[in-house]
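Analysis of the macromolecular model
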Amino acid sequence: MKQDKVQFIDTTLRDGNQSLWGATGLTTGMMLQIAPVLDRVGYHALDFSTSTHMAVTVRFHKEDPWERLRLLKSRLKRTPLTFLSTGMRFISWETAHSEVMALSYQLLVNNGIERFMVMDPMNTTQAVIDNCQAIAKAGASEIVGALVYTVSPIHDDAFFANMAAQLAAQPFIDRVYLKDPSGLLTPERARTLLPAIKTALGNKPFELHSHCTIGLAPFTYPEAPSLGVDTLHTAARPAANGTSQPAVENVVNNLQARGVSHDLDLDAMAEVSEYFSRLTKAEGLPVGVPQEYDERYFSHQLPGGMIGTMRRQLREIRQEHRLPEVYEEVVRVRAELGYPIMVTPFSQVVGTMAVMNVLAPERYANVPDEVIRYVVGRFGTPPGEVDPNVRDRIENMPRAKELLSQPPMPGVAELRQRFGKHLSDEEFLLRAVMPADQVDAMVAAGPCRQTYNPSVTPVEKLLAELAKRPDVTHARIEREGFLMELRSHGVAGDKT
């Protein structure tokens, strides 16, 4: 069972980006610049995208996510791109029609995704199997079924081992991974849980994906190969730690101390981290730092990516100082909603409701559609009983009655009639699940920028700000070894 050599999945572009930078930190050009170096490191795959990341690409960067996939794939000669899916939805929070999900899988494969990781937020085994089978029909090269780790009275070793055995029995599921979105797996629990899962999997490879949210993952990862784990998910150091994954540099060193080898190119790995160090400095992005252990975290269990997104959203409205209140409210809301596993989309359901409760003068004064859909059963049956008072309040809201009366998402043919048959499949799918104005802005922006140099980013930002100042007619920018002088030669008051 002990593994003498370990493979690695790089999470920098997807989960590191989401956990530390709210999924908005990286543009396509930034990714393209480092892609050839990432390709040299020797990762088994890159954890690259989700439907949420595709939405962010459109909404925040006005970039075409399908173009991003194609461009990245063109720069990667040997390292597959990975897409994480719940199978429940694609971008929209609305439960997707099976035809829409099938189309999304096919388009993802067509545009460069080779590997899929599939999880069900309720840990419903059959849902994982059904979606893996649909992805297999789309032609994916590798399919990874997920066990979503959480701490509760019902999620014991036998639960996960039984689920692992059922997934491993499916010929179209190539690997299984334990997804620990909240970073709750302790070394002590790992010593019983990981061998139980590995035994159930037999010869199928076993991956571990955890977060450093309360400082546990860096201690659990070095133990994992001796307990049957074949592959570890890590990030380049600038995008690691904090609420992200462990830093690949630290994990490699610790494994080497235990006699576990790898096939990574350490020089290329160092070049990747050096690039992201310069990028974070140029863009003002926070670098992940080691976290302190917090026993209270076992109560709210917010995943790393959700904490990053929540912190960004609170910062945007100047309420980041209220994050401790939100944590307390998350514990209360999660209990009231029947203890959902804190993973997408339910971590967003609980987290969003908690933020709104903290900011509003009255709890549940306003309830997002996603929370209503959860309570009325549109996402499946909650693991525990929803608090009767909360259920009654939500079910009696006019909006709840509206949502219950709404028909489910229509199939592809009906959506085509609604959005037009002239569109490409890629643009059609975006318009079917996103606001029209956001897609319009993306289309109007044209092809994405394909280059990025963190060394010149500060100058570019300065020039952009100067262009907004009609009163500035002369600028001189001087640094050691660099001189730029700009003068305005406007006509009739215009700057040129």
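Our structure's up above, just so we're on the same page.
These remarks concern the structure in this document. (Residues numbered from 1 in each chain as written. Predicted model: local features only at pLDDT ≥ 70, side-chain atom pairs only at ≥ 80, totals over all residues. Heavy atoms only, no water.)

Take the packing of helix 6 (residues 125-138) against helix 7 (residues 157-168) next. Closest axis-to-axis distance for the helix 6/helix 7 pair is 10 Å, and the angle between their directions is 25°. As summarised for this structure, helix 6 and helix 7 are arranged roughly parallel, according to the angle between their axes. Seen along the crossing, helix 6 lies across helix 7 with a hand that is right-handed. Contacts from Thr125, Val128 and Ile129 of helix 6 reach helix 7 at Met163, Gln166 and Leu167. A class-by-class count of the residues in the contact of helix 6 with helix 7 yields four nonpolar, two polar and no charged. (Axes fitted to C-alpha atoms, helices over the stretch in contact; angles between N-to-C directions. Helix = DSSP H or I, 4+ residues; strand = E, 2+ residues; numbered from the N terminus. Parallel < 35°, antiparallel > 145°, perpendicular 65-115°, else oblique. Left-handed = near helix turned anticlockwise from the far one by under 90°. Contact = heavy atoms within 4.5 Å. Nonpolar A, V, L, I, M, F, W, Y, C, P; charged D, E, K, R; others polar.)

This part takes up the nonpolar core. Core analysis: the largest hydrophobic core is formed by 142 residues, its most contacted members being Phe8, Phe116, Leu178 and Leu232. Element by element, the count of residues in this core is highest for helix 2 (residues 28-41), at eight residues. Discounting residues that sit within four places of it in the chain, Phe116 has contacts with Thr82, Phe83, Tyr105, Leu108, Val109, Ile135, Ala140, Glu142, Ile143 and Val144. Formed by nine residues, the second largest nonpolar core is a distinct cluster that contains Met119, Ala146, Val148 and Ile341. (Core = buried A, V, L, I, M, F, W, Y, C linked by side-chain atoms within 4.5 Å. Buried < 20%, exposed > 50% of the residue type's maximum accessible area, 1.4 Å probe, protein only.)

On to the side chain of Thr243, then. Structurally, the position occupied by Thr243 is in the loop between strand 8 (231-234) and helix 10 (248-257). In terms of polar contacts, Thr243 uses its side chain to reach the backbone carbonyl oxygen of Ser19, at 2.9 Å. Among all residues touching Thr243, those that are not within four sequence positions of it are Ser19, Leu20, His211, Thr213, Gly304 and Ile307. (Polar contact = N/O pair within 3.5 Å; in protein donor to acceptor, adjacent residues only side chain to side chain.)

We now examine the pattern of salt bridges. Per the counting criterion, the structure on display carries 31 salt bridges. Note that Glu325 is salt-bridged to Arg322, the shortest N-O span being 3.1 Å. Since its relative accessible area comes to 39%, Glu325 is described here as partly exposed. Notably, a salt bridge pairs Glu402 with Arg399, separated by 2.9 Å at the nearest N-O pair. You can see Glu402 and its partner Arg399 sitting in helix 18 (residues 398-405), three residues apart, about one turn around the helix. Judged by its relative accessible area of 29%, Arg399 falls in the partly exposed class. Salt bridges here are not isolated pairs; linked through shared partners, they connect Arg115, Glu142, Arg175 and Glu207. (Salt bridge = Lys/Arg side-chain N within 4 Å of Asp/Glu carboxyl O.)

In this model, Ala23 sits at a positive phi of 70°, which is unusual for a non-glycine residue. Within the secondary structure, Ala23 is located in the loop between helix 1 (12-21) and helix 2. Although it is not a glycine, Tyr339 adopts a positive phi angle of roughly 55°.

Tallied over the full model, the rule gives nine aromatic pairs. Considering the side-chain rings of Tyr105 and Phe116, the 6.0 Å spacing of their centres and the 85° angle between planes classify their relative orientation as edge-to-face. Here Tyr105 is found in helix 5 (residues 98-110), whereas its partner Phe116 is found in strand 4 (residues 113-118), with 11 residues between them in sequence. Using a relative accessible area of 1% as the deciding quantity, one classes Tyr105 as buried. Taking the relative accessible area as the measure of exposure, Phe116 reaches 0% and is therefore buried. Relative to Tyr374, the ring of Phe346 lies with its centre 5.5 Å away and its plane at 70°, an arrangement referred to as edge-to-face. Linking Phe346 in helix 15 (residues 346-359) with Tyr374 in helix 16 (residues 369-375), this pair joins segments that are 28 residues apart in sequence. Each member of the pair, Phe346 as well as Tyr374, carries the same accessibility label: buried. Aromatic ring contacts, followed pair by pair, group Phe83, Tyr105 and Phe116 into a single cluster. Over the aromatic face of Phe428 sits the side chain of Arg416, whose NZ or CZ is 4.3 Å from the ring centroid. (Phe/Tyr/Trp six-rings, centres within 6.5 Å; stacked < 30°, edge-to-face > 60°. Lys NZ or Arg CZ within 6 Å of the ring centre and 35° of its normal.)

Here strand 7 (residues 206-210) lies mainly inside the structure; five of its five residues are buried. Burial of the side chains of strand 7 extends over both faces: Phe206, Leu208 and Ser210 are buried on one face and Glu207 and His209 on the other. Between the parallel pair strand 6 (residues 175-180) and strand 7, the chain is carried across by helix 8 (residues 187-201), and the sense of this crossover is right-handed. Sheet topology places strand 7 next to strand 8; two bridges connect them, and they run parallel. Pairing of Leu208 across the sheet is with Leu232, part of strand 8. (Right-handed = clockwise from strand over helix to strand, strands pointing away. Pairing = 2+ DSSP bridges.)

This next bit is on the environment of Thr280. Residue placement: Thr280 occurs in helix 11 (residues 266-283). For the pair Thr280 and Glu316, spaced 36 residues apart in the sequence, the C-alpha separation amounts to 19 Å. Setting aside residues up to four positions removed in sequence, Thr280 forms contacts with Trp21, Pro238, Leu285 and Val287.

With 13 residues, helix 13 (residues 304-316) should cover 18 Å at 1.5 Å per step; its first-to-last C-alpha distance of 19 Å lies within 8% of that length. Looking at helix 13, one finds that the buried residues are Gly304, Gly305, Met306, Ile307, Gly308, Thr309, Met310, Arg312 and Leu314. Where helix 13 is buried, its residues meet helix 1, helix 12 (297-300), helix 14 (323-336) and helix 15. Looking one or two residues past helix 13, Arg318 carries a phi angle of roughly 60°, positive in sign. (Expected span 1.5 Å × (residues − 1).)

Coordinates in, geometry out; function isn't part of it.
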